[in-house]
Amino acid sequence: MAGDRRFEGPSDLHLHSVHSDGTESAAEVMAAAHRRGLRTVALTDHDTTSGWAEAAEAATSLGMTFLPGMELSAHSDWRSVHLLAYLFDPDDRGLRAEMERIRDDRIGRAERIVRSIGRDYPLTWDDVVAQTGHGATVGRPHIADALVARGIVSTRGDAFDTILHPRAGYYEGHYAPDVEKAVALVVAAGGVPVVAHPTPAGRARMMAIPLLEHLIGIGLAGFELDHRENTEEGKRILRTLVDEHDLIVTGSSDYHGHGKPNVPGENTTSDEMVARIIALGTGSRPVYP
Ligand code: AMP
Ligand code: FE
Ligand code: FE
Ligand code: ZN
């Protein structure tokens, strides 16, 4: 498309490394994707681009095409919304400022959660720092790993089901832009915004159709429909919207190393859709092997 070099599937455009809450280095993530037979991949760490260079080098040396990406934290009312962004300019000032604000606020928020948990369990901020990559985007998964290291819970999943569950009373949110602002920032940076896992369990957790139509109007490009957390009912509703507006549909694993059971390539994105993403993105280019 548009003079671009060819890429080949299968493609998985949603993978995490230690630059956020994955458990493997960017190069290890690319190796895991390659072992699963993937040919085109994106690294989509939360709120950061710091893994791009290492991932691009590792992916291309394994013969895979690399798409620069990110999973940007956002919100819609009380809902946490994750916005996948591809091929944006990593030096765009508006988007960078927002990413830095989110990452900064995540640190204070994690410290407050840990202080609160520390009143009831033997957990310190140093425990969490020990589980977090240098400069990585801090999240509850790092607190979960610290709880595991302390022997308080046995896995990340257990931590999320118990101490990190909002019902346990230690939960705090962090700053994140409104989803409308998030879409606008990604578009202004030449990127392609796609809502990650858009229909998790519980109807109310899905953004309302009129809001989604508004977001499409300002440049939302598509939805990550094939993701293990989406409900069938939600996918049916979104497919109607996709057909009406000729949107991009992706499928991906959301691999987090051993932090989640998800494996690279468990869902994939079609060649046609990858080509559309590449044709739409103007802020950075894929890196070919
Ligand atoms: P945070 O953004 O700090 O609130 O943490 C949310 C992150 O936790 C998401 O990006 C998920 O990757 C991870 N997460 C959520 N639930 C679970 C779970 N049950 N097991 C492992 N990781 C989870
Ligand atoms: Fe995550
Ligand atoms: Fe997510
Ligand atoms: Zn993710």
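Analysis parameters
Residues numbered from 1 in each chain as written. Chains lettered and ligands numbered in written order. Predicted model: local features only at pLDDT ≥ 70, side-chain atom pairs only at ≥ 80, totals over all residues. Heavy atoms only, no water. Buried < 20%, exposed > 50% of the residue type's maximum accessible area, 1.4 Å probe, protein only. Helix = DSSP H or I, 4+ residues; strand = E, 2+ residues; numbered from the N terminus. Contact = heavy atoms within 4.5 Å. Donors = N, O, S within 2.8 Å, 3.2 Å for Na, K, Ca; no water. Tetrahedral: all angles 85-135°; square planar, octahedral: opposite > 155°, others 65-115°. Phe/Tyr/Trp six-rings, centres within 6.5 Å; stacked < 30°, edge-to-face > 60°. Lys NZ or Arg CZ within 6 Å of the ring centre and 35° of its normal.

1. Description of helix α2 (residues 52–61)
Along α2, the positions that sit buried rather than exposed are W52, A55, A56, A58, A59 and T60. Summarising the contacts, the buried residues of α2 are in contact with α1 (26–35), β2 (40–43) and β3 (65–76). A positive phi of about 85° marks G63, the residue just after α2.

2. Quick word on the coordination of the iron ion (ligand 2)
Coordination of the iron ion (ligand 2) by the protein is provided by D21 (OD), H46 (NE2) and H256 (NE2), with metal-donor distances spanning 2.1 to 2.2 Å. Linear spacing of the donor residues for the iron ion (ligand 2) on their chain is D-x24-H-x209-H. The distance between the iron ion (ligand 2) and the iron ion (ligand 3) comes to 5.2 Å. Here H46 is found in the loop between β2 and α2, whereas its partner H256 is found in the loop between β7 (248–251) and α10 (271–280), with 210 residues between them in sequence. In terms of burial, H46 and H256 fall into one category: buried.

3. Some details on the coordination of the zinc ion (ligand 4)
Coordination of the zinc ion (ligand 4) by the protein involves H14 (NE2), H16 (NE2), E71 (OE) and D254 (OD), with metal-donor separations of 2.0 to 2.2 Å. Because the angles between the four donor atoms bound to the zinc ion (ligand 4) fall within 77 to 168°, the donor set is best described as irregular. The motif formed by the donor residues of the zinc ion (ligand 4), counted along the single chain, is H-x1-H-x54-E-x182-D. Here the zinc ion (ligand 4) and the iron ion (ligand 2) are spaced 4.3 Å apart. With E71 in strand β3 and D254 in the loop between β7 and α10, this pair connects stretches of sequence that are 183 residues apart. For the pair E71 and D254, a shared accessibility class is recorded, and that class is buried.

4. Things to note about the packing of aromatic side chains
Counted under the stated rule, the structure contains two aromatic pairs. When the ring of Y121 is compared with that of Y170, the centres are 6.5 Å apart and the planes differ by 70°; the resulting orientation is edge-to-face. In this pair, Y121 is assigned in the loop between α3 (93–118) and α4 (125–129) and Y170 in the loop between α6 (156–161) and α7 (179–188), connecting sequence segments 49 residues apart. Its end group placed over the ring of Y175, R101 keeps NZ or CZ at 3.6 Å from the ring centre.

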